[in-house]
Amino acid sequence: MSIISLIIKREFVAKVRNKSFIVMTFLSPLLFVAIAAFIGYLGSMKADTKRIAIHDESGLFVKEFTTKNKVDKSYKYLDLTSVPISALKDSITNESFEGLLVIPKTTSITDLESKIQFVSNSSPSIVFIEKVQNTVANKLTNINLQKASLDTLAIQKAQSKVSISLAKASGEASLKGLNEIKIAIGGGFGYLIMMFIIIYGNMVMRSVIEEKTNRIIEIIISSVKPFQLMIGKIIGTSLAGILQFFIWAIIGLSLMFAASIFFGVNVGPTAKVPPEMLNEAQQQFTSTAQMYIMELWNLPIATILISFVVYFIGGYFLYSSFYAAIGAAVDNQTDSQQFLLPIIMPLMLSVYVGFFSVINDPHGTVAVVFSMIPLTSPIVMLMRIPFGVPLWEIAISVTLLFATFFGVVWFAAKIYRVGILMYGKKPSWKELYRWLKYTG
């Protein structure tokens, strides 16, 4: 067995046998589900009813707001026009009311458009202000229509509500919200890539720093070349990460199969339901869930999973080379902070580019370019794949990623072999550059 294989085995076994690794492998999926359920629970909780005082000297808007008390339980509007404004402002200061809506009496309806004021101790939410503005605007619009001798009821009846049904070119019915589901799946896998890179990259860096500070590295280096040690650490840790991912994938697919059986879905990419059945099924929750699960099975699941493994390996190897070089250059994690920022920035950039570009135009220039750049492609490309990406684009992206990895490994190895035996001094960027030029 080669030296690199022994190092890989040593790193892999050390990570897999770690109690925290075993616990988090099986606990993490449950934590994700628990967090999602907790967020859903918090979202379903009813907020405390906020009391809003109304001082309407015009007498035009009180009914418009008080009638909303029966519909919107989050706000309770109170007609306090008879109470002086100064007293109401004191009540707001004492937090008896959330806010005060002041509507003055004007000579012209047009003046009300800019003279209505909302008084509160803290800034109100944008949603609340939008609701108030819409209520006032609708009332003023109706008044203007009546002045113009137009029938407001006839205008309301003439307004149409359009609901566009979706269909595929093949003739099958489609569902609304599929793009959101795709970006959630792609974003989830991209986020996992980023977290894996940060978590396991830090594992590599900590392992190097620990062996360096304990002087174990001096014994290891006597029989192993620095390059072999670095590659062994990177590969061994990545294999532990891939094993963890496969366990999570098995758990996730098992849950999908369970959901498919529960809702009676014939799983597989060729499973189809006639458009007539789809239209009828939209009235029932079970059938709607069945359609969404079916659409999930029609996604390129194999491509997504294979691409995840490939991009995880490439992205992890690329960034772990940086982490290993940093670990070799410093004596403790505190000194590593100045070097970590340039590494984390491309990862953060790729997440922002993915969510702000891919979600709007998954095949646009920005999304395509960043899915080819090696430092951002592991995340951005994974966000694009659920929308359907040609294989030749994936091939080019993967080729560039691994080519860059080999180039970065060459540079990182030069820093690693010099820094691994350097103690007691925090290197500067200038010194790191000198290490790159070192040929001894």
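Residues numbered from 1 in each chain as written. Predicted model: local features only at pLDDT ≥ 70, side-chain atom pairs only at ≥ 80, totals over all residues. Heavy atoms only, no water.

Some points on the packing of helix α13 (residues 301-329) against helix α16 (residues 377-384)
Two elements in contact, α13 and α16, have axes whose closest approach is 9 Å; the angle formed by their N-to-C orientations is 170°. Taken as axis vectors, α13 and α16 run roughly antiparallel relative to one another. Between α13 and α16, the contacting residues are Ile-304, Ser-307, Phe-308, Tyr-311 and Gly-315 on the first element and Ser-377, Pro-378, Met-381 and Leu-382 on the second. Among the residues forming the contact of α13 with α16, the class breakdown is six nonpolar, three polar and no charged. (Axes fitted to C-alpha atoms, helices over the stretch in contact; angles between N-to-C directions. Helix = DSSP H or I, 4+ residues; strand = E, 2+ residues; numbered from the N terminus. Parallel < 35°, antiparallel > 145°, perpendicular 65-115°, else oblique. Contact = heavy atoms within 4.5 Å. Nonpolar A, V, L, I, M, F, W, Y, C, P; charged D, E, K, R; others polar.)

A short note on the environment of Met-348
If you trace the backbone, Met-348 turns up in helix α14 (residues 337-358). Residue classification places Met-348 among the partly exposed positions, given a relative accessible area of 33%. C-alpha separation for the pair Met-348 and Thr-376, spaced 28 residues apart in sequence, amounts to 8.9 Å. (Buried < 20%, exposed > 50% of the residue type's maximum accessible area, 1.4 Å probe, protein only.)

Some thoughts on the packing of aromatic side chains
In the structure shown here, the tally under the stated rule is 13 aromatic pairs. What links up through ring pairs into an aromatic cluster is the set Phe-196, Tyr-200, Phe-308, Phe-312, Tyr-316, Phe-317, Phe-405 and Phe-406. (Phe/Tyr/Trp six-rings, centres within 6.5 Å; stacked < 30°, edge-to-face > 60°.)

Side note on the pairing of strand β1 (residues 50-56)
A regular strand places its side chains so that they alternate between the two faces of the sheet. Judged by how many residues are buried, β1 sits mostly within the fold: five of seven residues are covered. Here β1 pairs with strand β2 (residues 75-79) via five bridges, running parallel. Bridging from a neighbouring strand, Lys-50 pairs with Tyr-75 of β2. Examined bridge by bridge, β1 and strand β3 (residues 99-103) share five bridges and lie parallel to one another. When the sheet's bridge partners are listed, Asp-56 is paired in β3 with Ile-103. (Pairing = 2+ DSSP bridges.)

Remarks on the sheet that holds β3
Read across the open sheet, the four strands follow the order β2-β1-β3-β4; overall the sheet is mixed. Pairing within the sheet leaves two strands with one partner each, and these edge strands are β2 and β4 (117-119). Pairs of neighbouring strands in the sheet enclose a mean axial angle of 25°, with direction left out of account. Packing against the sheet, helix α6 (residues 126-147) makes contact with β1, β2, β3 and β4, and its axis sits at approximately 45° to β2.

Side note on the pattern of salt bridges
A full pass over the atoms with the stated rule returns two salt bridges. Among the salt bridges present, the one from Lys-139 reaches Glu-64, with a minimum N-O distance of 3.7 Å. With Lys-139 in helix α6 and Glu-64 in helix α3 (residues 62-66), this residue pair connects regions lying 75 residues apart in the sequence. Classification of Lys-139 by relative accessible area gives partly exposed; the value is 21%. Among the residues examined, Glu-64 registers a relative accessible area of 31% and is labelled partly exposed. A salt bridge links Arg-384 to Glu-393, with the nearest nitrogen and oxygen atoms 3.0 Å apart. Residue classification places Arg-384 among the buried positions, given a relative accessible area of 0%. (Salt bridge = Lys/Arg side-chain N within 4 Å of Asp/Glu carboxyl O.)

Overview of the nonpolar core
Counting 67 residues, the largest nonpolar core has Ile-193, Met-230 and Phe-308 as the members making the most contacts within it. Secondary-structure elements contributing two or more residues to this core are α8 (178-213), α10 (226-263), α13, α14, α16 and α17 (391-419). Sort the elements by how many residues they give to this core and α13 lands first, with 15 residues. In contact with Phe-308, other than residues within four places in its own chain, are Phe-189, Leu-192, Ile-193, Phe-196, Phe-245 and Leu-382. Tyr-77, Ile-109, Val-132 and Leu-140 belong to the second largest nonpolar core, which has 16 residues in total. (Core = buried A, V, L, I, M, F, W, Y, C linked by side-chain atoms within 4.5 Å.)

So, a nonpolar patch on the surface
Together, Val-23, Met-24, Leu-27, Leu-30, Leu-31, Ile-35 and Ile-39 make up a nonpolar patch on the protein surface, roughly 620 Å² of accessible area in all. Judged by its relative accessible area of 47%, Ile-35 is partly exposed. (Patch = residues over 30% accessible without salt bridge, like charges linked within 9 Å, V, L, I, M, F, W, Y side chains within 5 Å. Areas by Shrake-Rupley, 256 points an atom, 1.4 Å probe, with all protein chains shown as cover.)

Considerations on the side chain of Thr-135
Tracing the sequence through the fold places Thr-135 in helix α6. On the basis of relative accessible area, Thr-135 is assigned to the buried category, the value being 8%. Separated by 2.9 Å, the side chain of Thr-135 and the backbone oxygen of Lys-131 make a polar contact. Each residue touching Thr-135, except ones within four places of it in the same chain, is listed here: Glu-64, Phe-65 and Lys-68. (Polar contact = N/O pair within 3.5 Å; in protein donor to acceptor, adjacent residues only side chain to side chain.)

Examining the side chain of Ser-371
Relative to the assigned elements, Ser-371 resides in the loop between α15 (365-370) and α16. In this structure the side chain of Ser-371 is engaged in a polar contact, spanning 3.0 Å, whose partner is the side chain of Arg-384. Apart from residues lying up to four places away in sequence, Ser-371 is in contact with Ser-377, Val-380, Met-381, Arg-384 and Ser-397.

Structural notes on the pairing of β3
For β3, the tally of buried residues reaches five of five residues, placing the bulk of the element in the interior. Inspection of the sheet shows β3 paired to β4 by three bridges, in the antiparallel sense. By the bridge assignment for β4, Leu-101 is matched with Phe-118.

Let's talk about α14
With 22 residues, α14 extends 31 Å from end C-alpha to end C-alpha; this agrees with the ideal 32 Å at 1.5 Å per step. The sharpest bend along α14 reaches about 30° and sits at Ile-343, with the proline Pro-346 one to four residues further on. (Expected span 1.5 Å × (residues − 1). Bend = angle between axes of the 7 residues up to and from the residue.)

Some details on the confidence of the model for the protein
Regions with low pLDDT should not have their predicted coordinates read in detail. On average, residues of the protein score 76 in pLDDT, and 80% of them are at 70 or above. Averaged pLDDT values for the elements of the protein fall to 48 in helix α11 (residues 275-281) and rise to 88 in α15. Overall, residues 265-274 carries pLDDT values under 50, and its contacts beyond four positions in sequence, including any with other chains, amount to 18 contacts. (pLDDT = per-residue confidence, 0-100.)

Quick notes on the packing of α13 against α14
The geometry of α13 relative to α14 is characterised by a closest axis approach of 10 Å and an angle of 170° between their N-to-C directions. If you check the angle between α13 and α14, you find them roughly antiparallel. Contact with α13, carried on its side by Tyr-319, Phe-322, Tyr-323 and Ile-326, involves Phe-339, Leu-340, Ile-343, Ile-344, Pro-346 and Leu-347 of α14 and no other residues of that element.

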